[in-house]
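# Secondary and tertiary structure notes
So the chains spell out like this:
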Amino acid sequence: MSRAELDQLHDFPYRRLAALFGDDQPGKSPLLTHIGEPQGNPPALLEEAVAKNSHLWSKYPPINGTPDYRKTVADWATKRFGLDDGYIDPDSMILPACGTREALFLAALMAAARKRAMLKEGTRPVICLPNPLYHVYFGGALMAQADIVAVDATAENNFVPDYESLSPEILDRTALVFLCSPGNPTGTVASLARLKTMIEAARRHDFILAVDECYSEIWFDNPPPGGLEACAALGGGLDNVMVFNSLSKRSSAPGLRNGVIIGPPDLMADFQMLRGYGGAQVPGPLLAAATALWADNGHADENRRLYNRLVDIATEELGNLPGFSRPEAAFFLWYDVAKCGMTGEEAAKRLWAEQGVKVMPGRYMSRADETGKTPGDDFIRIALVHDEETTRDLCDRIRQVVAG
């Protein structure tokens, strides 16, 4: 690892956003939409479960969680994705994590080490990223000392990267492919057919497909398919697939820091050992709260109805303007401000300076090609995470800039 590689970690979206604004002051009271942080209150059962299990603060929690937690997640996943009973073994196929960010990062390290052992000495493994992307994918790939291949997700491929079109030589060296569905920041969904095709490619070339499904429970018409469902549809187990999910969005509980990973026993055994060295255990009271949340679908259904209303409001208020596109799922608007005569950075600066609205330029969530261009240059990402009244105010402020 060179200093130059380490320096690339400083190419961080929120750091770049702060530099873009500099000392600029917001034109109105700040309204923050640059980060996907749910603003609603988590259900009361979270606090109740933590209080009930406060005696566990004095115990080191097990790295693999509790049997109750693992069984509850297995039951939820079985019902959510229409799996046969027993398809997921709670004891060998499920691990908790302190949010999925740490887990996604460590998955890159594990996958690169796994692939490196298969390659000719001196050959670097490849890690493939969607472009635009969640920045942790890049950080994990960089620290894994892999060659990074960013595959554009654009309107031409419905914002689902076409990994299968990469050359066999690249795919044979590939250690890990990151896929986010529903997508952050694009709000699009990979179909069951696409998921099956990617899984088949992962098995053919022996890489790990890491399916980030943290937004899987925020949908509007039909629940999006997932990696578990696709594996079952192919008629086998979870070979070469790891699925990541979280309570941050499903339960409006980002501060709980509970993520879950589901995968085949061989990969999960290695992943558990890696986390035992470099990962933090989920504290007992918080794991008990997470168990209660995974067991309760009522609050998740209400949460979904809220996001449906927020996206409906945005569609009513902004849907007739150039560049607006309603997401298929999740709570982000991937707004094409080029159709309003601006780049993403220009729109972000104007929204902050004129309206106090903080958004994320799409360029800061993307990797540049050899010409310096990115597939996010024309876009801004807007997180619809506030209450209905605030969301109407947000849309009115955005309209005044993009329609001007």
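### Quick notes on the environment of Pro132
Take Pro132: it is sitting in the loop between strand 3 (126-131) and helix 7 (135-143). The class of Pro132 is buried, set by a relative accessible area of 4%. Residues Pro132 and Gly376 lie 244 residues apart in sequence; the distance between their C-alpha atoms is 6.3 Å. Each residue touching Pro132, except ones within four places of it in the same chain, is listed here: Ala153, Pro185, Thr186, Trp334, Met365, Ser366 and Pro375.

### A word on the side chain of Thr72
Along the chain, Thr72 turns up in helix 4 (residues 67-80). With a relative accessible area of 12%, Thr72 lands in the buried category. Excluding anything up to four places from it in sequence, Thr72 contacts Thr291, Trp294 and Ala295.

### Observations regarding the nonpolar core
Here is a general trend for soluble globular proteins: nonpolar side chains tend to be buried in one another's company. Ile88, Leu179, Leu209, Leu228, Leu256, Ile262 and Trp294 are the most contacted members of the largest nonpolar core, which totals 52 residues. Per-element accounting of this core gives the leading share, 6 residues, to helix 13 (residues 284-295). Apart from residues lying up to four places away in sequence, Ile88 is in contact with Ala74, Ala77, Leu83, Met93, Ile94, Leu228 and Ile262. Counting 42 residues, the second-largest nonpolar core is a separate cluster that includes Phe21, Leu321, Met342 and Val357.

### Some words on the pattern of salt bridges
By the definition in use, this model includes 25 salt bridges. Its salt-bridge partner being Arg3, residue Asp7 comes within 2.7 Å of it at the nearest N-O pair. Of the two residues, Asp7 and Arg3 both sit in helix 1 (residues 3-7), 4 residues apart, roughly one turn of that helix. Owing to a relative accessible area of 37%, Asp7 belongs among the partly exposed residues under this scheme.

### Details of the packing of aromatic side chains
Going through the model one piece at a time under the given rule, you end up with 13 aromatic pairs. Centre to centre, the rings of Phe331 and Phe332 are 4.9 Å apart; their planes meet at 70°, and the pair counts as edge-to-face. Of the residues examined, Phe331 reaches a relative accessible area of 0% and is grouped as buried. The buried category is assigned to Phe332, whose relative accessible area is 1%. Ring centres of Trp334 and Phe379 lie 4.7 Å apart, and the angle between their planes is 5°; on these two criteria the pair is classed as stacked.

### Some details on helix 6 (residues 100-116)
Spacing of three or four residues puts side chains on the same side of an α-helix, whose turn is 3.6 residues. Its 17 residues place the ends of helix 6 24 Å apart at the C-alpha level, agreeing with the 24 Å of an ideal helix rising 1.5 Å per residue. Residues Thr100, Glu102, Ala103, Leu104, Leu106, Ala107, Ala108, Met110, Ala111, Ala112 and Lys115 constitute the buried set of helix 6.

### Brief notes about the layout of surface pockets
Put simply, the largest pocket is a space of about 570 Å³. If you trace the largest pocket, you find 27 residues lining it, with Tyr14, Ile35, Gly36, Tyr134 and Lys249 closest to the centre. Considering every element that reaches the lining of the largest pocket, the biggest residue donor is helix 6, with 3 residues. Of the residues assigned to the lining of the largest pocket, the class counts are 14 nonpolar, 7 polar and 6 charged. There is about 220 Å³ of room inside the second largest pocket. Surrounding the second largest pocket, 17 residues form its lining, Phe12, His135, Val136, Phe138 and Gly139 being those nearest its centre. The element contributing the most residues to the lining of the second largest pocket is helix 7, with 4 residues.

### Considerations on the pairing of strand 8 (residues 259-262)
Residues in a regular strand project their side chains so that they alternate between the two faces of the sheet. Neither face of strand 8 is left uncovered, since the one carrying Gly259 and Ile261 and the one carrying Val260 and Ile262 both have all their residues buried. Two strands pair when backbone bridges link them, and strand 2 (residues 94-97) and strand 8 are joined in this way by 4 bridges, in the antiparallel orientation. Paired with Pro96 across the bridge in strand 8 is Val260. Sheet analysis places strand 7 (residues 241-246) next to strand 8, joined by 4 bridges and oriented antiparallel. The partner of Phe244 across the bridge, within strand 8, is Ile261.

### A word on the pairing of strand 9 (residues 332-336)
Most of strand 9 sits inside the fold, with 5 of its 5 residues counted as buried. Of the two faces of strand 9, the one holding Phe332, Trp334 and Asp336 and the one holding Leu333 and Tyr335 are both buried throughout. As judged from the 5 bridges shared by strand 9 and strand 12 (residues 379-383), these two strands associate in the antiparallel manner. If you follow Asp336 over to strand 12, its bridge partner there is Phe379.

### Some words on helix 4
For helix 4, which comprises 14 residues, the first-to-last C-alpha distance of 20 Å matches the rise-based estimate of 20 Å (1.5 Å per residue) to within 8%. Listing the buried residues of helix 4 in full gives Tyr69, Arg70, Thr72, Val73, Ala74, Trp76, Ala77, Thr78 and Arg80. Positioned one or two residues after helix 4, Gly82 has a phi angle of 65°, which is positive.

What counts, and where the lines are drawn
- Residues numbered from 1 in each chain as written.
- Predicted model: local features only at pLDDT ≥ 70, side-chain atom pairs only at ≥ 80, totals over all residues.
- Heavy atoms only, no water.
- Helix = DSSP H or I, 4+ residues; strand = E, 2+ residues; numbered from the N terminus.
- Buried < 20%, exposed > 50% of the residue type's maximum accessible area, 1.4 Å probe, protein only.
- Contact = heavy atoms within 4.5 Å.
- Core = buried A, V, L, I, M, F, W, Y, C linked by side-chain atoms within 4.5 Å.
- Salt bridge = Lys/Arg side-chain N within 4 Å of Asp/Glu carboxyl O.
- Phe/Tyr/Trp six-rings, centres within 6.5 Å; stacked < 30°, edge-to-face > 60°.
- Expected span 1.5 Å × (residues − 1).
- 1 Å grid on protein atoms, 1.4 Å probe; cavity = no way out; pocket = protein on both sides within 12 Å on 5 of 7 lines; lining within 4 Å.
- Points joined across faces, edges and corners; volume = space filled by probe spheres on them.
- Nonpolar A, V, L, I, M, F, W, Y, C, P; charged D, E, K, R; others polar.
- Pairing = 2+ DSSP bridges.

Fair warning: the whole summary comes from geometry, so function is off the table for now.
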